Amino acid sequence: MDSQRRRIFYAAAIFVFLAIFLPETAAVRYAVGGSSFWASGVNYTIWAQDKHFYNGDWLFFVYDRNQYNVLEVNETDYINCNEANFLHNWTGGAGRDVVPLNVTRDYYFISGHGFCYGGTKLSIHVENPPPPSLPPSSGIRLAPGCRIFVPVIGWVVGTLLLAL
């Protein structure tokens, strides 16, 4: 019974350590266009310019399904507002479509039916999230390789303790 308590204590200590020193990275769901949503008369270049889109984030398109759609196109078709050669039609029919940003690359979206010519188009660059960093007040600095090494040590120690 005493060894079981010890294992629980060590497992809890490792969990607390990892929870404190490994920052949480959460995906962000962006409502495209903010409160104006996916519609004519919105400058999506200005909307996107102060945002950082990371691998794992989501774009949430809200629009009038009787007028607009969401088409993913290549850069040339984006520039020319050509909807005929779309790569993917994200239009789900309800006017509430979520697009996962799960590849690090440039994405190009337009609305067909001529709305692209009125500015209903969006170009973004998706990048990998920055490496986690410790809060400046912690006073603890880890070398870049330690960010990977610390979780591995925690896993190994936890596994060994549970095996006792």
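Residues numbered from 1 in each chain as written. Predicted model: local features only at pLDDT ≥ 70, side-chain atom pairs only at ≥ 80, totals over all residues. Heavy atoms only, no water.

1. A closer look at the side chain of T120
Cut-off, in case you're wondering: The helix count covers DSSP runs of H or I at least four residues long, the strand count covers runs of E at least two residues long, and both are numbered beginning at the N terminus. Burial classification: accessible surface area is computed with a 1.4 Å probe over protein chains only, and a residue below 20% of its type maximum counts as buried, one above 50% as exposed, and the rest as partly exposed. In this description, contact between two residues means that some pair of their heavy atoms is separated by no more than 4.5 Å.
Along the polypeptide, T120 turns up in the loop between β7 (106-110) and β8 (121-127). Classification of T120 as buried rests on a relative accessible area of 0%. T120 has contacts with W38, A39, S40, Y44, Y68, I110, S111 and F115, leaving out every residue within four places of it along the chain.

2. A short note on the nonpolar core
Which entries qualify depends on this criterion: Note on terminology: a nonpolar core comprises buried Ala, Val, Leu, Ile, Met, Phe, Trp, Tyr and Cys residues joined through side-chain atoms within 4.5 Å.
Counting 21 residues, the largest nonpolar core has W38, F53, L59, F61, F109, L122 and I124 as the members making the most contacts within it. Looking at this core, the elements with two or more residues in it are α2 (44-48), β3 (57-62), β6 (96-101), β7 and β8. In contact with L122, not counting residues within four places along its chain, are V32, W38, Y44, W47, A48, L59, F61, Y78, Y107, Y108 and F109. L71, V73, Y108 and C116 belong to the second largest nonpolar core, which has seven residues in total.

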